[in-house]
Amino acid sequence: MESSEREEVRELVSANLCRCTGYETIADAVEQVARQRRGDEPAVTEGAHA
């Protein structure tokens, strides 16, 4: 994910979530889902941890 996309994720969640963590885990999750939807990475099955 490009830094501009990561900043967009942070901006979109900024009004709804605490900023204590800098949204890193949220941005990581959004990036992972984007890769999965593009087919760049297999989807994680329920109960599995990456």
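Our subject is the structure that appears above.
Summary of the structure given here. (Residues numbered from 1 in each chain as written. Predicted model: local features only at pLDDT ≥ 70, side-chain atom pairs only at ≥ 80, totals over all residues. Heavy atoms only, no water.)

### Observations regarding the overall build of the protein
Regarding its fold elements, the protein presents 2 helices and 0 strands. Out of the 50 residues belonging to the protein, those deemed buried represent 12%. Total accessible area on the protein stands at roughly 4100 Å², and carbon and sulfur atoms take up 51% of it. (Helix = DSSP H or I, 4+ residues; strand = E, 2+ residues; numbered from the N terminus. Buried < 20%, exposed > 50% of the residue type's maximum accessible area, 1.4 Å probe, protein only. Areas by Shrake-Rupley, 256 points an atom, 1.4 Å probe, with all protein chains shown as cover.)

### Quick word on the environment of P42
Here P42 shows up in the segment after α2 (24-38). The sequence separation of P42 and Q32 amounts to 10 residues, and the corresponding C-alpha distance is 9.7 Å.

### Details of helix α1 (residues 3-13)
Those residues of α1 that fall on the buried side of the exposure criterion are R6, V9 and V13. When α1 is viewed along its axis, its buried side chains cluster within an angular range of 55° and face the same direction. The exposed residues of α1 that point more than 90 degrees off its buried face are S3, E11 and L12. Residues of α1 that are buried make contact with α2. (Arc of directions from axis to C-beta. Contact = heavy atoms within 4.5 Å.)

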